[in-house]
Each structure stands twice: as C-alpha cells, then as structure tokens.
Amino acid sequence: MTDIPLVDLHAAHAEIADEVRAGFDAVLASGAYVKGPDVAAFEREYAAFCGTAHAVGTANGTDAIELALRALELEPGGGVVLPANTFVASAEAVVRAGLRPVLVDVDEEHLLIDVEQAAARAADAVALLPVHLNGQLAPMEALLAAADGLPVVEDGAQSQGATRHGRPAGSWGRISATSFYPGKNLGAYGDAGAVVTDDAELARAVRLLGDHGSDRKYVHERFGFNSRMDTLQAVVLRAKLRRLPAWNEARRAAAERYDKLLGDLDGITLPRTLPGNAHVWHLYAVRVERDRDGVLAALQEAGIGAGVHYPVPVHLQPAFRHLGHPEGAFPVTERAAGHLLTLPLFPQLTEVQQTRVAETLAAALRRR
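Residue numbers restart at each chain and count upward from 1, following the sequence in its written direction. Only residues with pLDDT of 70 or above have their local features reported here, since the model is predicted, and side-chain atom pairs are shown and tallied only from 80 upward, although totals for entire chains, interfaces and linings are computed over all residues. Side-chain descriptors were evaluated using all non-hydrogen atoms of the structure, hydrogens and water having been removed beforehand.

1. Considerations on the overall build of the chain
- Put simply, DSSP marks the helices as runs of H or I at least four residues long and the strands as runs of E at least two long, and each gets a number from the N terminus on. Looking only at helices and strands, one finds eleven helices and 13 strands in the chain.
- It is over C-alpha atoms that the radius of gyration is taken, and the globule rule equals 2.2 Å times the number of residues to the power 0.38. Against the globule reference of 21 Å for 368 residues, the chain gives a C-alpha radius of gyration of 20 Å, in line with a compact fold.
- With the C-alpha coordinates of the chain rotated into their principal frame, the extents come out at 65 × 50 × 35 Å.
- Classification of the 368 residues of the chain by burial places 57% in the buried group. Think of it in three bands: with a 1.4 Å probe and only protein chains considered, a residue is buried below 20% of the maximum accessible area for its type, exposed above 50%, and partly exposed in between.

What follows is the structure in structure tokens.
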C-alpha cells in the first residue's frame, strides 16, 4: 500500500469539489459539452495568466504541440531541435506534424536543453522546441538568440506558473503548448491542453486546425482534425487556475523542505534551479549515485510512491530508432535516465510526510 503517493490528486479534488460539482451541474443542465462558455472563459483566463493575448484549448498536450507546429506552416520534413531529455510526446508531436526531430543533449547541472548544441543544429532546422523541465524554464533568452530568427515553440507541459526573469512560461516563444494531464501543476480530470500566443493569426490557425479546419459549420478552410477541449474539463481547470499561484507556492515550500532534509545525505545530488528562474516544482527529482532502482524499490516497499521519469531516453526508444542515434549519443541524458529518482511532491504534502520520505531515503542509501 502506498501511504505517501507521488501525486495526491484526491487532496486537490477535495479543495475544489463543491465548485466543480456546481460547474458540472450547470454544464449538464445546458448540454454545452463541447465549445461551451466555460471553455471560452478558461481560454481568456489562461491567456491572462501566461501574459499572452490568446489561448486555444485542445484535447491534450501532445495535440497542442502538433497544432502549434502545424500553425506555423513549416517546410515539410524540416528539422525541429529539441532535447533528448523529455517525454516522448515532444518528439511524437514533431513527427505527427510532418517534421523531423533533431535531438540535442542537455546541460549537466539543470538537465535543460544545451544552448550551444541547439545553436549548432539550428542551421539544420526550421524551428526550435525547448522543453521546460520539471517546473523550470529553459534558458529562453539564450535560445532565442541561438534560434537566429527561427520560430521558437515552447513545450510548457511542466511549467504552468513558472517564470524566467519574471516573464511567464508560454510568453517567450512565437507560440507555446502545454498539457493539463491530471498530474500537472494545473491538471484536468482527464486529458486536455492548450496553445498560447500573442499572434492572432496563429491562434486562429490553431483553432481551425483543431476543429476540422472549420470556424463555420460544414465549411472547412483547411485540412484539420478533432482536438477540442471538453467543457467539463474547462470547469475543472477554471477552479484549479484560481488556486494555482497558492499551490505553486506550496510546492516551492515543499521543495525547500526537501533541500534542508536531504542536504547532508551522501550518495545523492539535489535538483538545482537555473539562475533567473522561479521554479514551480512539477517534479522534485534527485540523482542517486548507486543502485537507483534498488533505492526506488526500498521506498516503494515502505509505502512511499517514488518514481522514475524517462528511464529510456527518446533516442533509445524503439519508435525512434530510425533517427539513427546509438547508445552514447547523448551522454548527459543517458546518465540522468539511469540515476534520477522522483520523490513525492504536491501542494498538500506535509512536513511529517516529507520527513518520513527523507528518513526512508537515508536508510535506503546507507544500505547501498
């Protein structure tokens, strides 16, 4: 039995249950299940939260990346530079958009896209797709310079509410995508996503493409597909968005407690924040020097829902073998895949729970 989950979705639901129930009742009474007024309201509110002029709801975060790329009307088969250290959906969306993933490694300290490598591959690309990992932004000002005029598309699935030099995730790129998968800092009760941008034409293109290429019934300007946000998900997201700043502050406080509780432990390296970033701690992942999987098993046996994210990097997945990258191609990413261990972190996590996590982790490390 897991006593301390990796993410406690029940605790978040308890805080908004009455509000969501009332919102669901209103939707059920109206029958506006798709493109209802709550979707439009959420899009306005989320755009304002990101500091952008437009937001367009989508069915999920993978679609959001694909729609953002398609809206740019990039050269078919063109390369899109992105980090190897990411969830497979980032590369998947590139391929689905008719483009080619151009993978690069990440920096050793923060595990964010390596700017020098991205700059070196920009000549072989039509766009850059930096990933904001674990709750903090990639070094966007340097990446924009490295892009040298190429469009930059942010993958902000793990960064709702994070900022760099005070500027929010989603507001740096020409267009940006995010996911509202349930475990995200801003999570729906199922799949949902969004694209944000300051460009009205790009926003219109995303909306068209995600609604069968149509903004008038039975008139289809472009070849599109179906990727619309359900109204019920918008109800949930509106309720959570109102609480997101406070929840992100609670995550920061929990991360600081972990830093203090774990700071003197031998055998692990704590996560680090890139200077200029305000981290929102979607994940708190430590690097375990020896026997990461054994340490993970010890935590899980003790009822602590620790986990591992991305144990097999994108370039070593069977689905991406065609890219031709052998083992050793991206050494920092590959080392991270073998050593990272994600500890429980969610806004309602208590100091007592974190102390137990820390004590169990310390005992597991001593046995290695």
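Anyway, onward from the coordinates.
2. Let's talk about the pattern of salt bridges
- Put simply, a salt bridge is a Lys or Arg side-chain nitrogen that is within 4 Å of an Asp or Glu carboxyl oxygen. Going through the model one piece at a time under the given rule, you end up with 24 salt bridges.
- For Asp-215, the salt bridge goes to Arg-204, with nearest N and O atoms at 3.0 Å. Taken together, the residues Asp-215 in the loop between α7 (200–209) and α8 (231–262) and Arg-204 in helix α7 connect sequence positions eleven residues apart.
- According to the relative accessible area criterion, Asp-215 is partly exposed, its value standing at 46%.
- Arg-204 sits in the partly exposed class, given a relative accessible area of 35%.
- Overlapping salt bridges bring together Asp-63, Glu-66, Arg-70 and Arg-96 as one network.

3. Considerations on a nonpolar patch on the surface
- Nonpolar side chains (Val, Leu, Ile, Met, Phe, Trp, Tyr) are joined into patches within 5 Å and like charges within 9 Å, using only residues with over 30% relative accessible area and no salt bridge. Only the protein chains shown count as covering a residue, and every accessible area follows the Shrake-Rupley method with a 1.4 Å probe. Nonpolar side chains collect at one region of the surface, where Leu-28, Tyr-33 and Val-34 lie side by side and expose about 280 Å² of accessible area between them.
- Judged by relative accessible area, which is 40%, Val-34 ranks as partly exposed.

4. Looking at the pairing of strand β3 (residues 100–104)
- With respect to burial, β3 is a largely interior element, four of its five residues being buried.
- Where strand β2 (residues 79–83) and β3 come together, five bridges link them in parallel fashion. Residue pairing in the sheet places Pro-83 in a bridge with Val-104 of β3.
- The parallel pair β2 and β3 is bridged by helix α4 (residues 88–96), and the resulting crossover is right-handed. Strand pairing requires that DSSP identify at least two bridges connecting the strands. Handedness of a crossover is defined as follows: with both strands directed away from the viewer, a clockwise route from the first strand across the helix to the second makes it right-handed.

5. Overview of helix α9 (residues 292–301)
- Listed in full, the buried residues belonging to α9 are Arg-292, Gly-294, Val-295, Leu-296, Ala-298 and Leu-299.
- Here the buried face of α9 lies against β12 (284–288), α10 (331–339), β13 (340–343) and α11 (351–366).
- Once α9 finishes, Gly-303 follows within two positions and takes phi at roughly 85°, a positive value. Only heavy atoms matter for contacts: two residues are in contact if any of them lie within 4.5 Å across the pair.

6. Describing the nonpolar core
- Among buried residues, the Ala, Val, Leu, Ile, Met, Phe, Trp, Tyr and Cys ones that are joined through side-chain atoms within 4.5 Å form a nonpolar core. Within the largest apolar cluster, 34 residues are counted, with the highest numbers of intra-cluster contacts made by Leu-69, Val-80, Leu-99 and Ile-175.
- Counting residues per element, this core draws most heavily on helix α3 (residues 61–71), which supplies six residues.
- Beyond its immediate chain neighbours, meaning those up to four positions away, Leu-99 contacts Leu-69, Leu-74, Glu-75, Gly-77, Gly-78, Val-80, Val-94 and Val-126.
- Of all hydrophobic cores here, the second largest spans 27 residues; its members include Ile-268, Tyr-284, Ala-358 and Leu-361.

7. Here we look at the packing of α8 against α11
- Axes here refer to lines fitted to C-alpha atoms; in helices the fit is confined to the stretch in contact. Angles between the N-to-C directions go from 0 to 180 degrees. For the pair α8 and α11, interaxial distance at closest approach is 10 Å and the crossing angle is 35°. Both α8 and α11 take part in a crossing whose hand is right-handed. Counted together, Ala-254, Arg-257, Tyr-258, Leu-261 and Leu-262 of α8 and Glu-351, Gln-354, Thr-355, Val-357, Ala-358 and Leu-361 of α11 form the full contact between these two elements.
- Residues belonging to the contact of α8 with α11 are distributed by class as follows: seven nonpolar, two polar and two charged. Crossings are sorted by hand: turned counterclockwise from the far helix by less than a right angle, the near helix makes the crossing left-handed, and turned clockwise it makes it right-handed. Basically, the charged four are Asp, Glu, Lys and Arg, the nonpolar ten are Ala, Val, Leu, Ile, Met, Phe, Trp, Tyr, Cys and Pro, and anything else, Gly included, counts as polar.

8. Quick look at the packing of aromatic side chains
- Each Phe, Tyr or Trp ring, with Trp reduced to its six-membered ring, pairs with another whose centre is within 6.5 Å; inter-plane angles below 30 degrees give stacked pairs, above 60 give edge-to-face pairs, and intermediate values give tilted ones. Overall, the coordinates contain seven aromatic pairs when judged by the stated rule.
- An angle of 35° between the planes, with centres 5.4 Å apart, marks the rings of Trp-281 and Tyr-284 as tilted. Across the pair, Tyr-284 and Trp-281 agree in class, each one buried.
- Each member of the aromatic cluster is reached from another via a ring pair, and the members are Phe-42, Tyr-46, Phe-49 and Phe-180.
- Taking the ring centre of Trp-172 as reference, the NZ or CZ of Arg-167 above it sits at 4.4 Å. Lysine and arginine charges are scored as sitting over a ring when NZ or CZ, respectively, is within 6 Å of the ring centre and within 35 degrees of the ring normal.

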